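Per-entry structural report
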Amino acid sequence: MAAGIRDKVAVLGMGCSVFGERWEDDSSDLLIEAFLECLDDAGIEKKDIQAAWIGNHIDEISIGKGGCYLANALHLPLIPVTRVENFCASGTEAFRGACYAVASGAYDIVLAAGVEKLKDVGYGGLPDSPIFGQLSRLLSPNATAPGMFAQLATAYSAKHDIPMEKIKQAITHISWKSHQNGAKNPKAHLRKEISEMQIADSPFVAYPLGLFDCCGVSDGSAMAIVTTPEIAANFKPNQSLVKVKALQISVSSGEELSYNQWDGSGLLTTRQAAKLAYKEAGIKNPREEIGMIEVHDCFSITEMVTMEDLQISPPGQAPDDIIDGFYDLDGQVASQPDGGLKCFGHPIGASGLRMLYEIYNQLLRRWPEDRLVKDPKLGLTHNLGGVPSQNVASICILGLD
Amino acid sequence: MLVGISSFAGYIPRYRINRMQIFSAMGWLNPAIIMNAAGDKAVANYDEDSITMAVAAGMKCMQGFNPADIEALYFASTTAPYRERQNANIISGALAAGETIRTADFSGSVKSGTAALLSAIEFVASGSGRNAMACASDCRIGKVGSVQEMVFGDGGAALLISCENVLAEFKGAFSMACDFVDHLRGENSKYDRQWEERWIRDMGYDRFIPQAIQGLCDKYSLQIADFKKVIYPCYYGGARKNINRRLKIDSEQVQDDLMMDAGDTGSAHPLLMLAASLEDASPGDKIAVISYGNGCDALYFEVTGEIENYKNRLRVTDSIRNRQDLDNFQKYLAWREMLPVEIGMRGEEERLTRWSLVWRNRKAISSMQGTKCLACGTQQYPPQRVCVNPECGAIDQMVPIILSGKTGKIVSFTSDMLAATLNPPAIYGNIDFEGGGRLMMDFTDCVLEDLKVGIKVNFSFRIKYVDPKRDTTFYFWKAVPAKEVS
């Protein structure tokens, strides 16, 4: 295996807009908001940026095709701009493009941006669109995202012979935790603490998921400026550097859908991306070596099964770990310290970069005491795009120096 | 050459409305409908229509037979979803009948069911082919509060006509055609319109049915008493009694008209009653089947010894037993677009059907044709060119395999309140096909409580979506949990 990009790329600056129902703002306003913070944090000028990648998923609502929207919104100086799209991993894909550009030596300073303007859809949830092409529309159910992910619960329950009541208890704790964390985050979409009873009693969206098992559908943008560790050290002498330890993406081969081995209780792509990422980062025991994670908690059940796919909870043990508080903000591996997709919100193209924004700022200890992770060690972000039977998983691991 | 019926099946949809429920809702408008308020009206599910019901009957009819042997398929209905685009082709595709067959739609009268049947018989009798299918179904609607609303029921029937394994030989027919307009439905009408009931009863049924039966008897030198069963539709109970009395049709000879269990299923009705009668038939039985609609066809069958091999395949009876009360009249109205309802903006999304894409994938869509890898034996669906087995990966080593008639097993499931549907919640999940292959698909004719990982499902051809803008109905298969019907 090639060496990967471990320690070849440093994050020079990051920015993130306030997420939420930004009725008065266009995608360009969200991008500019994140860009101002990002540029200020990096300590560079716009003209220093040599290339850019923009992640976006529902382009017809957000920014259209191609790279022009970002170049125009920020009036970038005639540099290459590429729009990437890989479902909910689009933000991480933009980051990957930027990191690879730096690691390859093609450019010194590169911008990775993500944006999504979901509140122009006109109704709750994601728009109904043929994300796997027109043929799948003829064969597949007229399903929604919660319905697709909800099936993880029925399959997980059958596989491990764990009653649905216990699964419901665990996923309720997940949402409760995210609300606790999100309430402390001034940029989060949902900032209210709610009780486990309110969560458990919320009306069903897709069995067994209730309303509070589903993430916020939000508008938002997040960005990173990346460079080499050498250049970063020049810009920021005597400061800790956040470096990329691993960046891996895995895409479904069709095995989950058409072959009969996958049991539907977890994600093959997450397992594969995690395996490769741990190898790239030199991690032997993720449960001990990783201090915080931002996982793709589009639905509470997704977060639950991901804990096993990431090899942090042993198979069949995620519900117990969750209920025991292992993933709480003061737990051993803090999960979703910023409130996650659940409460920070989920503007699809921005989410991967928003997760990195949280890990980056936690590593640099920039948050107030009450929302800091105890012992951040290495931080991991995880995105999951598509649906459990056909998807993209991305994993990025960041660490200091 | 012996020509006749070699297989048969009826299909009555799962949902029933007890007619008293309609009376409770609409009796204020038309108290006279109390006269028709006994029994159940069979109601096609929101995703069923005359095509899907014909396929359901056809699938049952073809059990144990090779669909590739069908050489002609005739479909009769007055409620076929397409005026131009052959409905019979959609049915033959779903049944995996092959593309080198003769197909035709029959319509214009509820007599069309027997017209299709006679054509199928004549196709085989003429030596044009060895097997033909005649299927018929109807999903007629009456205006809210009308007698038709009470008496019409939804259902279908299918008969395999053959010169082999004939269990009821066709002996002859007598037909009459009259432009007797007791009711009509014009090109642009959704609902039936009829003349005075007394006229329909006294000048219609009461005259034409006896004429047809007598004509048949005279033509073949038979007495009515020679028939084990005399089958004819007539939803006026009084008129039916009167006809039986006048013609001296003994109570033993009267085939139940299914009005208490289903209602008048239009084009399908004589065929459905015939299928029901064959369930109890014995060798040597003579059966007369009469249709009614701007004239009559009267057909004469004689049951052969082959019927003994068919005894364990009770079909119409199964359909009757597999019933679920539709305890909500408004739901019925919404399903038939008689009550405009809000299903949300998701329900308004574009449903343009890309016909070239449908053509390329027609076999995967119509009969769920999958592939089986010759290199490793893995059966797969949707069809693949590159073997999905990670250990194999062979390219273009596939042979086709039809999965629609197989069973499946639930891998995962949910019920979704967010998805747009006329029958929320939408229930769907991953299904493993018996023998291999997997598909995430819609479930129908069930509720969440019926489902469990690992249980068996059957596949039913249903409406996948309707595109009102382009007047398109698109069909695909859905999973139905297999139930023991007691």
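Look a little higher up for the structure.
For the structure given in this document, a descriptive report is provided here. Model, not experiment: these values are computed from the prediction.

1. Quick notes on the overall build of chain B
Scanning chain B for helices and strands turns up twelve helices and 22 strands. Taken against the 2.2 N^0.38 rule, which gives 23 Å for 486 residues, the C-alpha radius of gyration of chain B at 23 Å falls within 12% of a compact globule. Taken along its principal axes, the extent of the C-alpha atoms in chain B is 75 × 60 × 40 Å. Counted over contacts in chain B with a minimum sequence separation of 6, partners at least 24 positions apart contribute 73%.

2. Observations regarding empty space enclosed by the protein
Residues and elements named next belong to chain B. Within this structure, the stated rule accounts for six cavities of 30 Å³ or more. Here the largest cavity defines a volume of roughly 170 Å³. What lines the largest cavity is a set of 17 residues, among which R140, H183, Y205, Y235 and D264 lie closest to the centre. For the lining of the largest cavity, the per-class residue count stands at seven nonpolar, six polar and four charged.

3. Section: the sheet that holds strand β14 (residues 324-325) of chain B
Strands pair in a sheet through their backbones, by hydrogen bonds, and they do so in one of two ways: parallel or antiparallel. Residue and element names in this part refer to chain B. Ordered by their spatial adjacency, three strands build an open sheet running β3-β2-β14, and the pairing between neighbours is mixed. Here the strands that pair on one side only, and so sit at the sheet edges, are β3 (40-43) and β14. With two bridges joining them, strand β2 (residues 15-18) and β14 adopt parallel strand pairing. Considered in β14, the bridge of Y15 is made with Q324. On top of the sheet, helix α1 (residues 19-26) reaches β2 and β3; it is set at about 55 degrees to β2, its chief contact.

4. Some remarks on the environment of A276(B)
All names here are of chain B. Looking at where A276 falls in the secondary structure, it is placed in helix α8 (residues 269-279). Note on A276: relative accessible area 9%, which makes it buried. If sequence neighbours within four positions are ignored, A276 has contacts with Q255 and V316.

5. Remarks on the nonpolar core
A general trend in soluble globular proteins is that nonpolar side chains are found buried together. Core analysis: the largest hydrophobic core is formed by 114 residues, its most contacted members being M304(A) and I397(A). The dominant element in this core, judged by the number of residues it contributes, is helix α2 (residues 50-61) of chain B, at seven residues. Residues L271(B), L272(B), M273(B) and A276(B) belong to the second largest nonpolar core, which totals 49 residues.

6. With respect to a nonpolar patch on the surface
All names here are of chain B. A contiguous nonpolar surface patch, about 320 Å² in accessible area, is contributed by M20, I34 and M35. By secondary structure assignment, the location of M20 is in helix α1. Using a relative accessible area of 36% as the deciding quantity, one classes M20 as partly exposed.

7. Looking at the interface of chain B and chain A
Interface size is commonly expressed as the accessible surface area that is lost when the partners come together. Each partner contributes residues to the interface: chain B has 48 residues there, and chain A has 40 residues. Of all residues in chain B, R346(B), R438(B) and M440(B) give up the largest surface area on contact with chain A, accounting jointly for 19% of the area buried on that side. There are 21 residue pairs in polar contact (both at pLDDT 80 or more) connecting chain B and chain A. Broken down by secondary-structure element, the contributors of at least two residues to the side of chain B that touches chain A are α11 (355-360), β16 (379-380), β18 (408-416), β19 (426-433), β20 (438-442), β21 (456-467) and β22 (472-481) of chain B. At six residues, the largest contribution of residues to the side of chain B that touches chain A is made by β18(B). Classifying every residue of the side of chain B that touches chain A by side-chain character gives 25 nonpolar, 13 polar and ten charged.

8. Considerations on the packing of α2(B) against helix α3 (residues 87-94) of chain B
Residues and elements named next belong to chain B. At a closest axis distance of 9 Å, the pairing of α2 and α3 adopts a crossing angle of 40 degrees. As judged from the angle between their axes, α2 and α3 are oblique. The hand of the α2/α3 crossing is right-handed. Within the contact between the two elements, α2 uses I51, A54, V55 and M59 and α3 uses N87, I90, I91 and A94. Each residue belonging to the contact of α2 with α3 can be placed in one class, and the counts come to seven nonpolar, one polar and no charged.

9. Digging into the pairing of strand β3 (residues 81-84) of chain A
Here strand β2 (residues 51-55) of chain A runs beside β3(A); their pairing, made up of four bridges, is parallel. Looking at β3(A), one finds that A52(A) is bridged to V81(A).

10. Regarding the sheet that holds β16(B)
Residues and elements named next belong to chain B. With antiparallel pairing, three strands are arranged side by side in an open sheet as β16-β15-β17. Edge positions in the sheet fall to β16 and β17 (398-402), since each of these pairs with one other strand and no more. In this structure, strand β15 (residues 369-373) lies alongside β16, joined through two bridges in antiparallel fashion. Bridge pairing links T371 to Q380 in β16.

11. Thoughts on the side chain of S6(B)
Residue position: S6(B) is located in strand β1 (residues 4-11). Excluding its chain neighbours within four sequence positions, the residues that come into contact with S6(B) are F65(B), L160(B), S162(B), E164(B), N165(B), V166(B), L167(B) and Y310(B).

12. What about the packing of aromatic side chains?
Residue and element names in this part refer to chain B. All chains considered together, the criterion is met by 27 aromatic pairs over all chains. Summarising the aromatic geometry, the rings of Y205 and Y236 are spaced 6.0 Å apart at their centres and angled 70 degrees between planes, so their arrangement reads as edge-to-face. Within this pair, whereas Y205 is found in helix α6 (residues 197-219), its partner Y236 is found in the loop between β11 (229-231) and α7 (237-247), the two being separated by 31 residues in sequence. The exposure class of Y205 is buried, given its relative accessible area of 5%. Judged by relative accessible area, Y236 falls into the buried class, the value being 7%. In textbook terms, an aromatic cluster arises when at least three aromatic residues are bridged by ring pairs, as seen for Y205, Y235, Y236 and Y292. Here the basic side chain of R240 rests over the ring of Y232, its NZ or CZ set 4.9 Å away from the ring centre.

13. Description of the pattern of salt bridges
Following the criterion strictly, the structure yields 47 salt bridges over all chains and no others. Put simply, R354(A) and D338(A) hold a salt bridge, and the shortest N to O gap is 3.1 Å. Of the two residues, R354(A) sits in helix α15 (residues 348-363) while D338(A) sits in the loop between β10 (334-335) and α14 (340-344), which places them 16 residues apart along the sequence. According to the relative accessible area criterion, R354(A) is buried, its value standing at 0%. The class for D338(A) is buried, based on a relative accessible area of 0%. Via salt bridges that share partners, D47(B), E48(B), D445(B), R462(B) and K478(B) belong to a single interconnected network.

How each quantity is defined
- Residues numbered from 1 in each chain as written.
- Chains lettered and ligands numbered in written order.
- Predicted model: local features only at pLDDT ≥ 70, side-chain atom pairs only at ≥ 80, totals over all residues.
- Heavy atoms only, no water.
- Helix = DSSP H or I, 4+ residues; strand = E, 2+ residues; numbered from the N terminus.
- Rg over C-alpha atoms; globule rule 2.2 N^0.38 Å.
- Contact = heavy atoms within 4.5 Å.
- 1 Å grid on protein atoms, 1.4 Å probe; cavity = no way out; pocket = protein on both sides within 12 Å on 5 of 7 lines; lining within 4 Å.
- Points joined across faces, edges and corners; volume = space filled by probe spheres on them.
- Nonpolar A, V, L, I, M, F, W, Y, C, P; charged D, E, K, R; others polar.
- Pairing = 2+ DSSP bridges.
- Axes fitted to C-alpha atoms, helices over the stretch in contact; angles between N-to-C directions.
- Buried < 20%, exposed > 50% of the residue type's maximum accessible area, 1.4 Å probe, protein only.
- Core = buried A, V, L, I, M, F, W, Y, C linked by side-chain atoms within 4.5 Å.
- Patch = residues over 30% accessible without salt bridge, like charges linked within 9 Å, V, L, I, M, F, W, Y side chains within 5 Å.
- Areas by Shrake-Rupley, 256 points an atom, 1.4 Å probe, with all protein chains shown as cover.
- Salt bridge = Lys/Arg side-chain N within 4 Å of Asp/Glu carboxyl O.
- Buried area = accessible area lost by both parts, 1.4 Å probe.
- Polar contact = N/O pair within 3.5 Å; in protein donor to acceptor, adjacent residues only side chain to side chain.
- Parallel < 35°, antiparallel > 145°, perpendicular 65-115°, else oblique.
- Left-handed = near helix turned anticlockwise from the far one by under 90°.
- Phe/Tyr/Trp six-rings, centres within 6.5 Å; stacked < 30°, edge-to-face > 60°.
- Lys NZ or Arg CZ within 6 Å of the ring centre and 35° of its normal.

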